[in-house]
Amino acid sequence: MGISVDSPSLTLVFLAALVTALATGLGALPFAVRWRVDRRRVAYGTALAAGLMLAASGMLLAETGPAEAWRTGLGFATGALAVWGAHRGLDGLQEISVADLHGADARKALLIMGVMTAHSAAEGIGVGVSFAGAERLGLTMTAVIAVHNIPEGLAIALVLVPRGIGWLPVAGWAVVSSLPQPLLAVPAFLATAAAAALLPAGLGFAAGAMAWLALRDMLPEAAEDLGRAASTGVLGLGVVLMGAVAWIG
């Protein structure tokens with residue numbers, strides 16, 4: 001697929017993708033009110049964030065077709081292995097700090113930010129490829145991604161705010177995690193054929209990373225304080241919430 005003379009301008013592609021990144025920061029707004037920190041609240045937030053991320057993983061997989069199943073599957077396995085490796089590597093670091101977080105909390109922040117950034121990279125390519133198809137398709141994709149980026153920002157906030165980071169810095173970090181969207185949308189728009197071929201693997205990578213983090217890291221952590229039944233129920237609520245947002249979008 002080539003880019004015709006009637007294709008949208010590079011400025012429009014960049015600004016549209018920038019809007020999707022800024023929308024991620026809106027997920028921290030519910031925490032503008034004071035959040036009282038205790039272990040159970042942290043656990044509830046972690047389980048809900050895991051549900052949001054698990055649903056987002058499924059949505060990414062649903063965007064690929066049967067013809068790209070092998071690319072998607074390879075990307076999924078690579079993403080899960082990458083997060084597993086990062087988790088093992090971070091566990092070996094005793095002195096680690098991120099903003100005001102230290103130790104295990106800092107490792108959790110690095111993991112979720114890394115996974116969300118990988119996710120955003122795949123979405124940025126998706127925006128660029130969509131605009132190369134047609135301006136209206138690109139704007140529709142922009143709106144959909146912007147809407148579902150809000151609960152993804154909420155997932156980041158649910159992990160970081162209860163651990164002592166203010167909602168405004170968290171909103172900034174959420175936007176930073178989505179900066180690959182405007183940065184990659186324009187190159188993907190210009191190299192449509194190559195980007196379209198890589199997109200299934202990229203979506204699979206992000207989906208695998210998010211699924212591993214949600215099920216093998218965040219859910220077990222929440223279950224330590226809430227119990228398996230309660231943490232699984234809250235995770236289910238997160239899945240339903242993300243599904244509702246996708247339906248609205």
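The structure presented is a predicted model; accordingly, all values stated were derived computationally and were not measured.

The rules behind each value
Residues numbered from 1 in each chain as written. Predicted model: local features only at pLDDT ≥ 70, side-chain atom pairs only at ≥ 80, totals over all residues. Heavy atoms only, no water. Helix = DSSP H or I, 4+ residues; strand = E, 2+ residues; numbered from the N terminus. Buried < 20%, exposed > 50% of the residue type's maximum accessible area, 1.4 Å probe, protein only. Contact = heavy atoms within 4.5 Å. Axes fitted to C-alpha atoms, helices over the stretch in contact; angles between N-to-C directions. Parallel < 35°, antiparallel > 145°, perpendicular 65-115°, else oblique. Left-handed = near helix turned anticlockwise from the far one by under 90°. Core = buried A, V, L, I, M, F, W, Y, C linked by side-chain atoms within 4.5 Å. Nonpolar A, V, L, I, M, F, W, Y, C, P; charged D, E, K, R; others polar. Arc of directions from axis to C-beta. Polar contact = N/O pair within 3.5 Å; in protein donor to acceptor, adjacent residues only side chain to side chain. Patch = residues over 30% accessible without salt bridge, like charges linked within 9 Å, V, L, I, M, F, W, Y side chains within 5 Å. Areas by Shrake-Rupley, 256 points an atom, 1.4 Å probe, with all protein chains shown as cover. Salt bridge = Lys/Arg side-chain N within 4 Å of Asp/Glu carboxyl O. pLDDT = per-residue confidence, 0-100.

Each helix and strand in the protein chain was counted, giving nine helices and two strands. N-terminal to C-terminal, the α/β element order of the protein chain is α-α-α-β-β-α-α-α-α-α-α. A total of 249 residues make up the protein chain; the buried ones form 49% of that total. Considering only contacts in the protein chain between residues 6 or more positions apart, those separated by 24 or more positions represent 85%.

Close contact between helix H2 (residues 39-62) and helix H8 (residues 192-226) brings their axes to 8 Å; oriented N to C, the two are set at 155°. On the basis of the axis angle, H2 is roughly antiparallel to H8. Where H2 crosses over H8, the handedness of that crossing is left-handed.

Met53, Ile112, Ile156, Val170, Leu213 and Met218 are the most contacted members of the largest nonpolar core, which totals 53 residues. Looking at this core, the elements that each hand over two or more residues are H2, helix H3 (69-91), helix H4 (103-133), helix H5 (135-160), helix H6 (167-177), H8 and helix H9 (228-248). At 14 residues, H8 tops the list of elements feeding residues into this core. Not counting the four nearest positions on each side in its chain, Ile112 is found in contact with Met53, Ala155, Ile156, Val159, Leu213 and Met218.

A separate point is the packing of helix H1 (residues 10-25) against helix H7 (residues 180-190). Where H1 meets H7, the axes come as close as 8 Å, and the angle between the chain directions of the two elements is 145°. Where H1 crosses over H7, the two elements pack in a sense that is right-handed. Listed contacts from H7 to Leu10, Val13, Phe14, Ala17, Leu18, Thr20 and Ala21 of H1 are Gln181, Pro182, Ala185, Val186, Phe189 and Leu190. Of the residues contributing to the contact of H1 with H7, the split by class is eleven nonpolar, two polar and no charged.

Within H6, the full set of buried residues consists of Val170, Ala171, Ala174, Val175 and Ser177. In a view along the axis of H6, the buried residues occupy a sector of 160°, so they form one face of it.

With that settled, consider the side chain of Thr72. Relative to the assigned elements, Thr72 resides in helix H3. Residue class for Thr72 comes out buried when judged on its relative accessible area of 6%. Here Thr72 is in contact with Leu61, Thr64, Pro200 and Gly204, once residues within four sequence places are set aside.

Moving on, we come to the side chain of Ser177. Relative to the elements of secondary structure, Ser177 occurs in helix H6. One polar contact links the side chain of Ser177 to the main-chain carbonyl oxygen of Ala174, over a distance of 2.6 Å. Residues within four places of Ser177 in sequence aside, it is in contact with Thr24, Met113, Met116, Thr117, Ser120 and Ile156.

Bringing a nonpolar patch on the surface into the picture now. A contiguous nonpolar patch, built from Trp173, Val176, Leu179, Leu183 and Leu184 and spanning about 420 Å² of accessible area, is present on the exposed surface. Secondary structure elements with two or more residues in the nonpolar patch: H6 and H7. Looking at the secondary structure, you find Trp173 in helix H6.

Right, let's talk about the confidence of the model for the protein chain for a bit. Looking at the protein chain, the pLDDT average stands at 83 and 88% of residues meet or exceed 70. Mean pLDDT across the elements of the protein chain bottoms out in strand E1 (residues 97-98) (60) and peaks in H1 (93). Within the model, the stretch residues 1-5 combines pLDDT values under 50 with nine contacts to residues more than four positions away or in other chains.

You can see Ala106 is positioned in helix H4. Classification of Ala106 as buried rests on a relative accessible area of 0%. Sequence separation between Ala106 and Arg163 is 57 residues, and the spatial gap between their C-alpha atoms is 9.4 Å.

On to the environment of Leu15, then. Among the structural elements, Leu15 can be located in helix H1. Put simply, Leu15 and Thr142 are 127 residues apart on the chain and 10.0 Å apart in space, counted from C-alpha to C-alpha.

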